[in-house]
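Chain residues, written in single-letter form:
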Amino acid sequence: MTKISAEGICKSFAGPRQRVEAVRSFSLDVREGEFVCLVGPSGCGKSTFLRIVAGLMEATSGRLEIHRDAEDGRPLNSMVFQEYAVFPWKTVSENVAFGLAMRNVPRKERDARTAEWIDRVGLRRFAHHYPHQLSGGMRQRVGIARALANDPEILLMDEPLGALDAQTRTVLQEELLRIWQSRRKTVMYVTHSIEEAVLLGDRVVLMTAHPGTNKAEFTVPLERPRTLQTTTDPQFSRLSYQIWEELRDEVQRSMEENA
Amino acid sequence: MSSGGQRNRTREEDGKAHTGAGLMSPAAGTVLLRWVALFVLFNGAMTVLRLWEPLWWAAALVNFVLLVRIAEQGALLVPARFARTYERSLAVAFPLVLLAGWQLVVGAEILSPTWFPPPTRIVRALWELATGFDEFTGTSLFGRPWEIPARLAEDGLKDGAAAFTAESHLFATLMRVFAGFAIGAVPGVLLGMVMGVSRTVRAMVDATLSAFYVLPKIAIFPIMMLVFPNPFGEGPKIAVVAISAFFLVAINTMVGVRDIEPVYLEAGRNYGATGRRMFRHVIIPAALPVIFGGLRIALGTALIVIIAIEFVRSRTGVGYLTFYYWEILSPDKMYAGLVVVMILGVGLTTGLKALERVVMPWRRDPGRSDPGG
């Protein structure tokens, strides 16, 4: 069943001299329970597209349909932002409870779900710490728990691990796999790491350099459940390289444009 | 000078390199002794050659440089865990040295003790001000708080309290600062919020606000005296303090709200915060550090403004007191008044800082506790 259906999405911004086109006629269908990774050179408009899906921005033109199935007050989407968008003025548990509090989920249920998710991302000891007392990896765990505790129909992730060092990143990738395996939510995941996309996604969608539009699409044939060991699979490296071949020209183009 | 600096740098590098071998401490100790000896020698020579009188200001400069060198060398000898205590003690020791220097310079009558009374006399004057009562004006610095119980017993609650507030200069100044600050800061924060959130309001008001911002607020005191029915009452004084605080707080709040990381606003929206809740949970806490910066500047300015006004047109207040003792040529007490103003400033700033720590617990840093992975 199609959960998200975007067709011919365009987005342009008013620049100082001319309109800047960020996304041009981009189309994407995401099935219920599918993990789709959006990959493209930096500045290609993948975050913009994600924000349009999240409802944080209006598309300039195009058709976006999101199939809504629950009427029980579950939110349609929750976003994990890049870098440290957890609120520095709230403790870990206040951050995780934020979406629930805004939706007026009763206190008891809110506390229970908050505690559950803090546990699940391994931050029980830090529940009453403020983000500045945590490391970058722990802060992003808070961001992930904040989204998942909200129990959205769709999980949107905007380069959530982009700011982390390589080792912390790997640890969190494994954690994401483990969490997703148990929930199978519909996920749209923006990243610029091909390996991350192949490891996590059911499907990898490539975007061209600015303005972003459809470049290519790859179905990831790797079996679930996956772990970090999946990266040793020959299929993994072959697909990663294949994607890179497609992406190389775009990255080149984006570098020249930004020069 | 430059070669000296260079030599010093290599020595420090040597010191670091030899830390493990324990060679640093004796070397640094010797150097420290050398600087102390130079300090003693210099001041001795100044005294023997009777150069203090013509060159006391140059000597003060040289002594400052020597003291800095001694303090720097001393720092090398202090174990790392006492480093902060050492720095704090420097902050306390320096003004004490300054006061001692003043005492010596004035004691030797290089500067006139009449116009620059030595610190000991200022302290004595301060004590007199604190405990004394001026029969002529019927006022005192603190309002003799130790008399409060007797007065309450005598005049009852209302009249007793009124007698106290009428007598105390400190209370008059504090009341004006607090009233003016509150009356100005609260609408300042509100306008700043609106300006921060709304581009249109910002575009409309910004230029006007900036124009008023640069105007020295004391200059509008005469206008305020016209506006209020009693030009010599509290109204105009509090109004000028309020206006000063208002602009400072409004501009800082505006900047604080405008410069919030967009990702916090997006996160707020994405998780369903709207309207009042967006303000309460995202906008206000995100802007709070900058708002408090504005409040701190505004409180300092409020004190400056009120002292200036009390100089010009007032029969009460610490500013009036200070200026009064200048007019009757009693410099000891004038200086004592200045000391009270300084203490007032430090006290108010400390109070605001304490409030900041209560309101923004997330800015307190008890150290990163054990961040792993």
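Residue indices begin from 1 for each chain and proceed along its sequence in written order. By the order in which they are written, chains take letters starting at A while ligands take numbers starting at 1. Selection of residues for local features in this predicted model requires a pLDDT of at least 70, selection of side-chain atom pairs for listing and counting requires 80 or more, and totals for whole chains, interfaces and linings are taken over all residues. No hydrogens and no water enter the side-chain calculation; it runs on all heavy atoms of the structure.

All right, on to the interface of chain B and chain A then. Contacts are assigned to residue pairs with any non-hydrogen atoms lying within 4.5 Å of each other. In this complex, chain B contributes 27 residues to the contact, which on the side of chain A involves 36 residues. Defined here as a combined quantity, buried area equals the accessible surface (1.4 Å probe) lost by two parts on assembly, summed across both. Summing both sides of the interface, chain B and chain A together bury roughly 2,600 Å²; the carbon and sulfur share of this comes to 54%. Of all residues in chain B, Asn 270, Tyr 271 and Trp 362 of chain B give up the largest surface area on contact with chain A, accounting jointly for 28% of the area buried on that side. For salt bridges, the criterion is a side-chain nitrogen of Lys or Arg within 4 Å of an Asp or Glu carboxyl oxygen. If you look at where chain B meets chain A, you find one salt bridge. Among the salt bridges present, the one from Arg 51 of chain A reaches Glu 266 of chain B, with a minimum N-O distance of 2.6 Å. Under the scheme used here, helices are H or I runs from DSSP no shorter than 4 residues and strands are E runs no shorter than 2 residues, and both carry numbers assigned from the N terminus. Among the secondary structure elements, those contributing two or more residues to the side of chain B that touches chain A are helix 11 (262-270) and helix 12 (275-312) of chain B. Sort the elements by how many residues they give to the side of chain B that touches chain A and helix 11 of chain B lands first, with seven residues. Nonpolar residues are Ala, Val, Leu, Ile, Met, Phe, Trp, Tyr, Cys and Pro. Charged residues are Asp, Glu, Lys and Arg, and all others, Gly as well, are polar. Counted by class, the side of chain B that touches chain A contains 12 nonpolar, eight polar and seven charged residues.

As a further point, take the pattern of salt bridges. Oppositely charged side chains can form a pair if their charged atoms are brought close together. By the definition in use, this model includes 31 salt bridges over all chains. We note a salt bridge from Glu 153 of chain A to Arg 68 of chain A, for which the minimum N-O separation is 3.3 Å. Separated by 85 residues along the polypeptide, Glu 153 of chain A in the loop between helix 5 (136-149) and strand 6 (154-158) and Arg 68 of chain A in the loop between strand 4 (61-66) and strand 5 (77-80) bring together distant segments of the chain. What makes Glu 153 of chain A buried here is its relative accessible area of 4%. Residue Glu 234 of chain B pairs with Arg 176 of chain B through a salt bridge whose shortest N-O separation is 2.7 Å. Here the residue Glu 234 of chain B occupies a position in helix 10 (residues 234-258), and Arg 176 of chain B occupies one in helix 7 (residues 169-197), the gap between them amounting to 58 residues. In this structure Glu 234 of chain B comes out as partly exposed when scored by relative accessible area, which is 30%. Relative accessible area decides the class of each residue, using a 1.4 Å probe on protein chains only: under 20% of the type maximum gives buried, over 50% gives exposed, and in between gives partly exposed. Judged by its relative accessible area of 0%, Arg 176 of chain B falls in the buried class. Connected via shared salt-bridge partners are Arg 31, Glu 34, Arg 203 and Glu 217 of chain A.

In this section: the sheet that holds strand 3 (residues 35-39) of chain A. Where strands meet in a sheet, backbone hydrogen bonds hold them as pairs that are either parallel or antiparallel. All names here are of chain A. Pairing between strands is defined by DSSP: at least two bridges between the two strands are required. With mixed pairing, six strands are arranged side by side in an open sheet as 5-6-7-3-8-9. If you trace the sheet from one side to the other, it starts and ends with strand 5 and strand 9 (214-219), each paired once. Geometrically, the sheet is characterised by an average inter-axis angle of 15 degrees between neighbouring strands, direction not taken into account. Axis lines are fitted through C-alpha atoms, for helices just across the contact stretch, and the angle between N-to-C directions can take any value from 0 to 180 degrees.

Moving on: the packing of aromatic side chains. Working definition: rings of Phe, Tyr and Trp (its six-membered ring) pair if their centres are within 6.5 Å, and the pair is stacked with planes under 30 degrees apart, edge-to-face with planes over 60 apart, and tilted otherwise. Enumeration according to the criterion identifies 15 aromatic pairs over all chains in this entry. Both rings, one in Phe 26 of chain A and one in Phe 49 of chain A, keep their centres 4.7 Å apart while their planes meet at 75 degrees; by these two values the pair is edge-to-face. Separated by 23 residues along the polypeptide, Phe 26 of chain A in strand 2 (residues 19-31) and Phe 49 of chain A in helix 1 (residues 46-54) bring together distant segments of the chain. Of the residues examined, Phe 26 of chain A reaches a relative accessible area of 0% and is grouped as buried. A relative accessible area of 0% means that Phe 49 of chain A is categorised as buried. Judged by centre distance (5.0 Å) and plane angle (40 degrees), the rings of Phe 311 of chain B and Phe 323 of chain B are tilted. Of the two residues, Phe 311 of chain B is situated in helix 12 and Phe 323 of chain B in helix 13 (residues 318-327); the sequence distance between them amounts to 12 residues. The rings of Phe 87, Trp 89 and Phe 98 of chain A together with Tyr 264 and Tyr 271 of chain B are connected pair by pair, giving a single aromatic cluster. Whether a charge sits over a ring comes down to the Lys NZ or Arg CZ being within 6 Å of the ring centre and within 35 degrees of the ring normal. Sitting over the ring of Trp 117 of chain A, Arg 120 of chain A keeps its end group 4.6 Å from the ring centre. Over the ring of Phe 87 of chain A we find Arg 146 of chain A, and its NZ or CZ is 5.0 Å from the ring centre.

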